[in-house]
Amino acid sequence: MVFAQRRIFAQQEKVEQALSFRASQAEARPGRFARAPLSVLVAVALGVGGTAFLESAVAQTAKPASETGGGELVELEAVKVTAQKREESAQEVPSAITVLSGDDLIDQGIGRSASEILNYVPNASAATQQHGRPRWWIRGVGAGQQQHDLANPVGFYLDEVYISNASATGFPLFDLDRVEVLRGPQGTLWGKNTTGGAISVLSRRPEFGLDGPTGYAKIDYGSYNTLLLEGAVGAEISQDRLAARVSFHSENQNKGRFRNEFTGQKEDELRDDAFRVQLLAKINPDFEALLNIHRREYKTGGSTWTIASYNADGSLHRPGGAYAYTPSTGRDTVNANDPAESDTVQNGAALNLKWQLGRLALTSITGYENFSQESQGGDYTPLELSRSYGDDKSHQWSQEFRLSSPREDKVSWVTGLHYFKENIDSYSATANNLTGVPASAPPVGALQFSDTEYDHSAKSLALFGSARVNWTDNFDTVFGLRWTKETKEVDIRRRNTQGAGSVTFGNLANWWDTAVPTFPASDGNFDVSQKQTWKKWTWDITPEYRFSNSLRGFFKYAHGIKSGGFNTSATDIEAVNVVDPETLDSYELGLKSEWFNRRLIFNATLFHYQYDDVQVNVVGPKAFSAGSSVSYLQNVEKAHVNGLELEVEALPTSRLHLRGSLGLLKTRFDKFDIQNNGGSRDGNEFVRSPHLTAQLAVDYRIPFENGGSLLLGGDYRHTSKQYYYVAQQKPSQYSNRTVDYLGADPYGILNLRAAYSTPGGDQTLTFYINNATDEEYIQHALPGGTFTDGNSFTQGPRRTFGVSYTARF
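These lines cover the structure that appears in this document, whether it is placed above or below. Given the structure is predicted, the values throughout are model-derived calculations rather than measurements.

### Details of the pattern of salt bridges
Tallied over the full model, the rule gives 42 salt bridges. The salt bridge partner of Arg296 is Asp272, with a shortest N-O separation of 2.9 Å. Here Arg296, found in strand S17 (residues 287-301), pairs with Asp272, found in strand S16 (residues 269-284); they are 24 residues apart in sequence, far enough to count as distant. Judged by relative accessible area, Arg296 falls into the buried class, the value being 2%. For Asp476, the salt bridge goes to Arg546, with nearest N and O atoms at 3.0 Å. Linking Asp476 in strand S25 (residues 475-496) with Arg546 in strand S28 (residues 526-548), this pair joins segments that are 70 residues apart in sequence. Each member of the pair, Asp476 as well as Arg546, carries the same accessibility label: buried. When salt bridges that share partners are traced, they join Arg257, Arg331, Asp332, Asp774, Glu776 and Arg798 into one network.

Dropping the structure here:
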């Protein structure tokens, strides 16, 4: 897919503006116009002298736009980002960054699920069920835990507001200016919980100076009777004083993919509605205020999970005795009697204030977000083994102040303060062997009931600063430092009728709400309170050298942290514990470059991580109950990561646009002992960390005499083998019948599209095919439970077709 908006066809005046911009930059910073670094391979092959020779040769042979016929723009557009909390070219940022423009998200149909953006980033992924909670992973660093209170080490920012609850990061992407994906620790400017990287989603702002309303409308219809409506309109309410922009997104899928063999019906459905309202006020020439209000309502229904396990000879294992059933093995079938539904509501608001105080700029960002989710699920089988219910609510408030000096100063800096507060209320219940519930099957054991309720709060305060020192015209260094104090506390109550307990229900249709249990004294019943405070420093240093206007290299050392926390999913008093913060030391060597009058961009990054106290979920033995096991949240003492990333973008001709990336990754747990003598897992790999990810995208535009054009495009992404669970990766770590369903074999996804645009590009009609080869792959997998005798897994999306129409005004 396109990484950032590219305009292949343009009027000659746009070329002149670009040349004027170059001249102004060169005048402001002599000898420092950013073309950006190359890759190690090209640097070694050509050397600095070779680079200068090649630039000279290209300058002598390249034709100006006026000689290429029709005033076509024949260079890749410079993309502006705010990765370092100030606007600058992406190629000038001494860090690995991928940018996707809002226009391309619309044109390519990216953004129904926020997780889709990492499909176009090397060494990254974010698989999700339907459009729910994304599993963010960058360079092997991520979090598989389902707890709302345990933050992901990939920070997510919605219009510069940090979103802590990972389930609230699935907000659909629509009417955006761009998405910035920063790889590697970003703790100095972006804060805690960014050891893996940071994802910054920036909405398209209201604008002044408009002749009339502007915006777009899009309608998309595709497989499974999926209808998407999306649009935005912006207008100036008071000239140069007040402007507004309203945008919306609505997706409805009422004929799902999976047929439930238990009910005989297709049940997996979803409805995803969201809107955003923004007001931009210019109080005076030096002070502006931007208010952002947004809301999302997201509902799903129907199971998408399958249970399966295999015998030693590879044949399908069918459980016997009381647990006998036939597992579903079809690509489009499940066999489950549980309701499997969820209802999510998310609301938020942000106020962004900017003052120009002489040569300094002061920014204030106030954010509020609340999230609620009610869900039901089960054991993914047609038996009445287990049902679950969850009701989770969270709300957060944050405030950041930033003061920055002009970027062109010999010593430029950004400093600030960030405050964050979050509260989470969670209730979950499980019932085993119910009778009389809707769509139930005969129970296979004694009736049991358990529930967990917890209240969690987190507060943090951080002071930060970053300074860039320009030692010479070609050499500078960025220094960053951040101090964070964080306090977390939790009250957990767990109840379980197992053993001598009993339970009755007033209404089995909502069994969780009418349960009248009695609980015995056991390790599964507890009421505990925990509180912990951490004070941590994070820092980075990044020297950067410009070999020429088109070649620069950098080295970055960064020390990052991820918050500690509690095991709020504990089902036994022995599993109640505190996990320490993770620490990650990153060593990164990078080169960025632009060649052939900006027809080619080629970047490379080589990195090594030393990763300590990694937080993982494992199943291990109980310390005081021989023969029993329980799910723990624990720290892994030591681990490391090595990797390489190459990214290329090219315009071989004014009609042909190529993008590609390659990610190589090797992860390893060096000192991994499951607690209570549960065995060593030294040598296991990180989850969702394939050794190879590769992506290639091609767009070819055919112009017509009437001014319209046809774009033929496609992209392909290959992912090598990966694991979905930390503790079961080798035959000695499997149960007798479990084979590779806790991971995924190599697979590749091909997407194709054809789009006709009317003269001026105001209207576009697109036909598309996703997963054109109908590749079969496992998207996620979990170890089996006590009753199911097999692992549960979900399959990746099948081949889908669709057509969309977009009108811009």
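There's more to say after this.
### Overview of the side chain of Thr194
Counting through the fold element by element, Thr194 comes out in the loop between helix H4 (187-190) and strand S10 (197-203). Here Thr194 falls in the buried class, since its relative accessible area comes to 2%. Polar contacts involving the side chain of Thr194 include one to the main-chain amide nitrogen of Gly187, which spans 3.3 Å. Apart from residues no more than four positions distant in its own chain, Thr194 is found in contact with Pro153, Gly155, Tyr157, Gly184, Pro185, Gln186, Gly187 and Ile561.

### Details of a nonpolar patch on the surface
A grouping of Ile219, Tyr221, Leu227, Leu229, Phe248, Phe275, Leu765, Phe767 and Tyr805 is seen on the molecular surface, where their side chains present a nonpolar patch of about 790 Å² in accessible area. Mapped by element, the contributors of at least two residues to the nonpolar patch are strand S11 (214-222), strand S12 (226-238) and strand S43 (763-770). With respect to the secondary-structure elements, Phe248 resides in strand S13 (residues 242-253).

### Digging into unusual backbone geometry
Positive phi, close to 65 degrees, is recorded for Arg598, a residue that is not glycine. Relative to the helices and strands, Arg598 is located in the loop between strand S32 (582-595) and strand S33 (600-621). Phi is positive for Arg688, which is not a glycine, with a value near 50 degrees. On the secondary structure map, Arg688 appears in the loop between strand S37 (679-680) and strand S38 (692-703). The exposure class assigned to Arg688 is buried, which follows from its relative accessible area of 7%.

### Digging into a negative patch on the surface
On the surface, Asp425, Asp455, Glu489, Asp491 and Asp527 cluster together into a patch of negative charge. Position of Asp491 among the secondary structure elements: in strand S25. Asp491 gets classed as partly exposed once you look at its relative accessible area, which sits at 40%.

### Some words on the pairing of strand S42 (residues 747-757)
Sheet faces and side chains relate simply in a regular strand, where the side chains alternate between the two faces. Relative to S42, strand S39 (residues 709-719) is paired through 11 bridges, and the arrangement is antiparallel. For His718, the partnering residue across the bridge sits in S42 and is Gly748. When S42 meets S43, the two strands line up antiparallel, connected through six bridges. Bridging across to S43, Leu752 finds its partner in Ile769. Following S42, the chain reverses through five residues before pairing antiparallel with S43; Gly760 in that reversal takes a positive phi of roughly 90 degrees.

### Things to note about the sheet that holds strand S5 (residues 137-138)
Backbone-to-backbone hydrogen bonds join strands into a sheet, with any given pair of strands oriented parallel or antiparallel. Spatially, S4-S5-S6 is the arrangement adopted by the three strands of the open sheet, whose pairing is antiparallel. The open sheet is flanked by strand S4 (124-125) and strand S6 (141-142), the only strands paired with a single partner. Strand direction decides the pairing type here: S5 and S6, joined by two bridges, are antiparallel. Counted as the bridge partner of Ile138 is Val141 from S6.

### Brief notes about the sheet that holds strand S15 (residues 265-266)
Sheet architecture is open: three strands sit in the order S15-S14-S19, paired in mixed fashion. Here the strands that pair on one side only, and so sit at the sheet edges, are S15 and strand S19 (333-334). Pairing geometry for strand S14 (residues 259-260) and S19, over two bridges, is parallel. From the neighbouring strand, Arg259 faces S19, where its bridge partner is Thr333.

Rules and cut-offs
Residues numbered from 1 in each chain as written. Predicted model: local features only at pLDDT ≥ 70, side-chain atom pairs only at ≥ 80, totals over all residues. Heavy atoms only, no water. Salt bridge = Lys/Arg side-chain N within 4 Å of Asp/Glu carboxyl O. Helix = DSSP H or I, 4+ residues; strand = E, 2+ residues; numbered from the N terminus. Buried < 20%, exposed > 50% of the residue type's maximum accessible area, 1.4 Å probe, protein only. Polar contact = N/O pair within 3.5 Å; in protein donor to acceptor, adjacent residues only side chain to side chain. Contact = heavy atoms within 4.5 Å. Patch = residues over 30% accessible without salt bridge, like charges linked within 9 Å, V, L, I, M, F, W, Y side chains within 5 Å. Areas by Shrake-Rupley, 256 points an atom, 1.4 Å probe, with all protein chains shown as cover. Lys, Arg positive; Asp, Glu negative; His and termini not counted. Charge placed at Lys NZ, Arg CZ, Asp CG, Glu CD. Pairing = 2+ DSSP bridges.

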